[in-house]
Amino acid sequence: MKIMAISGSLRDSSFNTAILRTMAERAPEGVEITLTDISALPFYNEDADVDGGPSVVQSFKADIAAADALLIATPEYNYSVPGVLKNAIDWASRPGYKSVLKDKHVALLSASMAGTGGVRAQQHLKNVFMATLSRVYTAPEVVVGRAQDMVEDGRVTDATTLKFLDRLLTGFVAEVTAGKSV
Ligand SMILES: Cc1cc2nc3c(=O)[nH]c(=O)nc-3n(C[C@H](O)[C@H](O)[C@H](O)COP(=O)(O)O)c2cc1C
């Protein structure tokens with residue numbers, strides 16, 4: 001199973017990216033999690049969204065199409081989804097209702113330095129994926145609060161957080177597997 005991971009933060013020392021890196025390293029046998037860089041995507045412009053759009057967008061969308069599922073970890077910026085992540089989803093979402101995101105399995109989690117762990121951004125993101133007709137994995141919901149205390153040297157070190165991440169991945173993989181077999 002190929003899972004494409006996207007971080008909503010471009011920051012080198014991002015806690016969200018650290019979580020995805022950790023999950024990739026702990027992925028069970030047969031599951032490959034690959035981190036994708038969304039920093040090169042231009043700002044969405046419908047004028048440029050013709051004939052598949054810019055080449056960087058085309059390869060981003062091809063990667064999504066080739067993946068069995070998406071795994072997204074996002075920070076919360078001003079109570080919502082960071083613009084870079086929303087921008088990437090907007091590119092991937094076209095043509096509307098029949099894009100590469102349609103029927104795609106998506107697992108979401110959020111992490112922030114606040115105790116609230118980006119839960120508002122995560123909730124907003126779920127709403128966005130309703131528009132793309134994606135299959136959002138809803139439980140368990142993973143919210144990593146005080147992420148600065150859970151991550152060290154670019155890896156999650158907190159045992160409880162690791163347990164939640166493992167549980168999310170196990171459940172998500174089971175759901176994606178079940179979806180593929182029907
Ligand atoms: C523009 C901006 C807005 C932010 N707004 C929020 C917020 O609404 N809620 C929150 O919990 N943290 C907020 N933060 C703090 C982030 O939780 C913190 O920077 C976090 O480490 C970002 O995630 P990252 O480590 O993956 O880059 C904000 C940070 C920035 C830069």
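The text that follows walks through the structure, step by step, so that each part is easy to find. Nothing here was measured: the structure is a model prediction, and the numbers come from that model.

Cut-off values and rules
- Residues numbered from 1 in each chain as written.
- Predicted model: local features only at pLDDT ≥ 70, side-chain atom pairs only at ≥ 80, totals over all residues.
- Heavy atoms only, no water.
- Helix = DSSP H or I, 4+ residues; strand = E, 2+ residues; numbered from the N terminus.
- Rg over C-alpha atoms; globule rule 2.2 N^0.38 Å.
- Buried < 20%, exposed > 50% of the residue type's maximum accessible area, 1.4 Å probe, protein only.
- Contact = heavy atoms within 4.5 Å.
- Areas by Shrake-Rupley, 256 points an atom, 1.4 Å probe, with all protein chains shown as cover.
- Lys, Arg positive; Asp, Glu negative; His and termini not counted.
- Charge placed at Lys NZ, Arg CZ, Asp CG, Glu CD.
- Pairing = 2+ DSSP bridges.
- Right-handed = clockwise from strand over helix to strand, strands pointing away.

Of regular secondary structure, the protein possesses five helices and seven strands. Going from N to C terminus, the protein has its helices and strands arranged as β-α-β-α-β-α-β-α-β-β-β-α. Here the C-alpha atoms of the protein give a radius of gyration of 15 Å, agreeing with the 16 Å that 2.2 N^0.38 yields for 182 residues. Looking at the protein residue by residue over its 182 residues, the buried ones come to 46%. Long-range contacts, defined as pairs at least 24 residues apart, comprise 79% of the intrachain contacts of the protein with a sequence gap of at least 6. Here the protein has roughly 9,000 Å² of accessible surface; of this, 52% comes from carbon and sulfur atoms. Charged side chains in the protein number 18 positive and 21 negative. The centres of these two groups are separated by 5 Å.

Turning our attention to the pairing of strand E1 (residues 2–7). Along E1, five of the six residues are buried, which leaves the element largely enclosed by surrounding structure. Judged from the five bridges that link them, E1 and strand E2 (residues 32–36) form a sheet pairing that is parallel. Residue pairing in the sheet places isoleucine 3 in a bridge with isoleucine 33 of E2. Remark: the E1/helix H1 (residues 15–26)/E2 crossover connection has right-handed handedness.

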